[in-house]
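# Fold and geometry: a report
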Amino acid sequence: MSIRNGVQLITYADRLGDGNIESMTAILEGPLNGLFTGVHVLPFYYPYDGEDAGFDPIDHTTVDERLGDWNNIKKLGESVDIMADLIVNHMSGQSEAFKDVLKNGRESTYWPLFLTKEDIFKGNDQAQIDEQIARVFRPRPTPFFSDYEVGTATDKPETVPFWTTFTSNQIDIDVESQLGKDYLSSILQSFTESNVDLIRLDAAGYAIKRAGSNCFMLEETFEFIEELSNRARGMGMQCLVEIHSHYQTQIDIAARCDSVYDFALPPLVLHTLFTKNAEALAYWLSISPRNCFTVLDTHDGIGIVDVGASGDKPGLLNADAINALVEQIHENSNGESKKATGAAANNVDLYQVNCTYYDALGKDDFAYLVARAIQFFSPGIPQVYYGGMLAAHNDMELLARTNVGRDINRPYLTTSMVEQAVEKPVVKGLMKLISLRNESDAFNGEFDVNYNNDELVLSWKKDSDTASLNVNFSAMDATITTVTNGEESVLSIGSLLA
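Worth saying up front: this structure is predicted, and the values here are computed from it rather than measured. By convention here, each chain's residues receive numbers from 1 onward along its written sequence. Selection of residues for local features in this predicted model requires a pLDDT of at least 70, selection of side-chain atom pairs for listing and counting requires 80 or more, and totals for whole chains, interfaces and linings are taken over all residues. The basis for every side-chain value is the complete set of non-hydrogen atoms in the structure, without hydrogens or water.

The subject of this paragraph is the sheet that holds strand β5 (residues 81–87). Pairing between sheet strands relies on hydrogen bonds along the backbone, with the strands arranged either parallel or antiparallel. A pair of strands is treated as paired once DSSP finds two or more bridges between them. Strands here are runs of E lasting at least two residues and helices are runs of H or I lasting at least four, both read from the DSSP assignment and numbered beginning at the N terminus. Here we have eight strands rolled up into a closed barrel, ordered β1-β2-β5-β10-β11-β12-β13-β16, and parallel in their pairing. Sheet twist, expressed as the mean angle between neighbouring strand axes with direction ignored, is 30°. As paired strands, strand β1 (residues 8–11) and strand β16 (residues 381–385) are joined by three bridges and run parallel to one another. The partner of Ile 10 across the bridge, within β16, is Tyr 385. Any pair of residues with heavy atoms lying within 4.5 Å of one another is described as a contacting pair. As a rule, the C-alpha atoms of each element are fitted with a line to give its axis, helices using only the stretch in contact, and angles between N-to-C directions run from 0 to 180 degrees. Here helix α14 (residues 365–377) sits on the sheet in contact with β13 (292–294) and β16, set at roughly 145° to β16.

See the structure below:
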């Protein structure tokens, strides 16, 4: 199958519109009509409002009835490409399978489905086990393992530490077991029957564990992703691998799968606009994977690890530049991002700053549209987060209510709020940029990047059609020039706000 090379939307089914898939679809057919060739609908499974906003499903094959059903997804998929999350690494501790394990312990039919500490770290040499555990890469400050009392209905109850890479309610699956393979196959079947075109492999990098390794993106992980992608491809779907890691790892992964995210782009664009120096950005775009999806904002924070060093491998930015980048975000957001990042709020990753992209740029409309133009002209299929689409501000009220750092960038935008937001000049300008990106055939051709004398030029050419973005950082001016069917058109990004 072929995914359309146009701009896609990332959204929750319950946070864009009035709380369900039908209302979300009405937004796409109304105020946002014709803008997007695809939609990534964030987890809509039961329950969509769990501990991790749907990424801890109790039943991954069931649409939460409060949002709708598979027919709603299928109908949406008739007009746009649909991306859905396959949560590879874990399932909810409230799932029927894990509750059966709690009740029946090792006698449970589902015991092999879940990973325990002893499954990976074997033997009685505690010093060796401690050394092996110390090597494991941790994405969060929470413990690796969570103790659960199992076999409560048997005469041999025991306390067992289960792998919980993310939260104690997200129990890691043994994807190499037959039960694990069958579980993933059942989800793929639900997807293919409901017009899902793209599968986002969430947390796939953590799926395979081996004692003595860092348990992240191992050779066996590559093989697992390849095998799962082949299965999906055979059912008419493609896979997008979600990995936050060193940029070279992203390049390596891209060579072995359908597509990856360009997670280096968001911090590099901010760094470029903050410093008015595009050297690091231009270098990255000269080597970045072409089979990628680009983002500036997502339901998670603004990733930092993707541009940083890893061991003795240098990053795209050095430590001083990264620290300056983070501090500038905090300053631009008047300290709001600081209240949602690191130890200041619960459920945070070690490598993210929680803030809307619009506020990270200090609510500067021109800078925001330049950032989006750079994204749209970068290699890959662009995705725009629903909050970013509407230039949403940090939701400090929601953050205060939940104390979940990421909620600062996960607003509830009703239909009436959307209708008001699309009247803002910055949103109207963004809509024009999206239409330009969708309509020019040049983006189906060859890409070139050039940076010289403070001027960044990103250009595309297919046959006689061309499109180029010129950003002059000395003058802070940006223009887009397109040639279609021999006719040249020049658009000043500043004029989009006039």
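And the narrative resumes.
Next up on the list: the confidence of the model for the protein. Scored between 0 and 100, pLDDT is the confidence that the predictor attaches to each residue. A residue-level look at the protein finds 98% of positions with pLDDT of 70 or above and a mean pLDDT of 94. Here residues 345–349 is a poorly scored stretch, pLDDT under 50, and it has 24 contacts once near neighbours within four places are set aside; other chains count.

Looking now at the environment of Leu 76. Turning to its location among the elements, Leu 76 is positioned in helix α2 (residues 70–76). Apart from residues lying up to four places away in sequence, Leu 76 is in contact with Met 24, Thr 25, Leu 28, Val 41 and Ile 82.

What follows deals with the domain arrangement of the protein. You can read the domains of the protein as domain 1 (8–90 + 175–443), domain 2 (96–171) and domain 3 (446–497). A separation of 54 Å is found between the C-alpha centroids of domain 2 and domain 3. Each domain's limits were defined by an automated method or a database of domain assignments.

Glancing now at the sheet that holds strand β19 (residues 465–472). Strand order in the open sheet formed by five strands is β17-β18-β19-β20-β21, and the pairing between neighbours is antiparallel. The open sheet terminates on both sides in strands that have one partner only, identified here as β17 (446–452) and β21 (487–492). Each strand axis lies, on average, 10° off the axis of its neighbour in the sheet, ignoring direction. Bridge analysis of strand β18 (residues 455–462) against β19 gives eight bridges, and the strand direction is antiparallel. Residue pairing for β19: Lys 461 is matched across the bridge by Thr 466.

Under the scheme applied here, a residue whose accessible area is under 20% of the maximum for its type counts as buried, over 50% as exposed, and between as partly exposed, the area being computed with a 1.4 Å probe on protein chains only. Along strand β2 (residues 38–41), one buried face is formed by Gly 38 and His 40 and the opposite face, lined by Val 39 and Val 41, is buried too. With four bridges joining them, β1 and β2 adopt parallel strand pairing. What sits directly across from Leu 9, in β2, is Val 39. Crossover handedness for the path β1 to helix α1 (residues 21–29) to β2: right-handed. When β2 meets β5, the two strands line up parallel, connected through three bridges. Residue pairing across strands places His 40 opposite Met 83, the latter belonging to β5. We call a crossover right-handed when, viewed with the strands running away from us, the connection from the first strand over the helix to the second turns clockwise.

Moving on, we get to the pattern of salt bridges. A carboxyl oxygen of Asp or Glu within 4 Å of a side-chain nitrogen of Lys or Arg is what we treat as a salt bridge. As enumerated under the stated definition, the model contains 26 salt bridges in all. For Glu 242, the salt bridge identified is with Arg 200, shortest N-O distance 3.8 Å. One end of the pair, Glu 242, is in the loop between β11 (238–241) and α8 (247–254); the other, Arg 200, is in strand β10 (residues 196–202), and 42 residues separate them in sequence. Residue Glu 242 shares its accessibility class with Arg 200, and that shared class is buried. Between Asp 300 and Arg 410 there is a salt bridge, with the nearest N and O atoms lying 3.6 Å from each other. On the criterion of sequence distance, the pair formed by Asp 300 in the loop between β13 and β14 (302–303) and Arg 410 in the loop between α16 (396–402) and α17 (415–421) is long-range, its members being 110 residues apart. By sharing partners, the salt bridges in this structure join Asp 52, Asp 300, Arg 406 and Arg 410 into a single network.

Our focus in this paragraph is the packing of aromatic side chains. In this analysis, rings of Phe, Tyr and Trp, with Trp reduced to its six-membered ring, are considered paired at centre separations within 6.5 Å, and the interplanar angle assigns stacked below 30 degrees, edge-to-face beyond 60, and tilted for intermediate values. Tallying each qualifying case throughout the model produces 26 aromatic pairs. With 4.9 Å between their ring centres and 50° between their planes, Tyr 206 and Phe 216 make a pair best called tilted. Placement of Tyr 206 in the loop between β10 and α7 (219–234) and of Phe 216 in the loop between β10 and α7 is noted, with a sequence separation of ten residues between them. Relative accessible area serves as the criterion here: at 11%, Phe 216 is assigned to the buried category. Members of the aromatic cluster, connected to one another through ring pairs, are Phe 98, Trp 111, Phe 114, Tyr 148 and Phe 162. Any Lys NZ or Arg CZ found within 6 Å of a ring centre and within 35 degrees of that ring's normal is scored as a charge over the ring. In this arrangement the basic side chain of Arg 138 is found over the ring face of Phe 144, its NZ or CZ atom lying 4.5 Å from the centre. Across the ring face of Trp 163, the terminal group of Lys 209 is positioned such that the distance to the ring centre comes to 5.3 Å.

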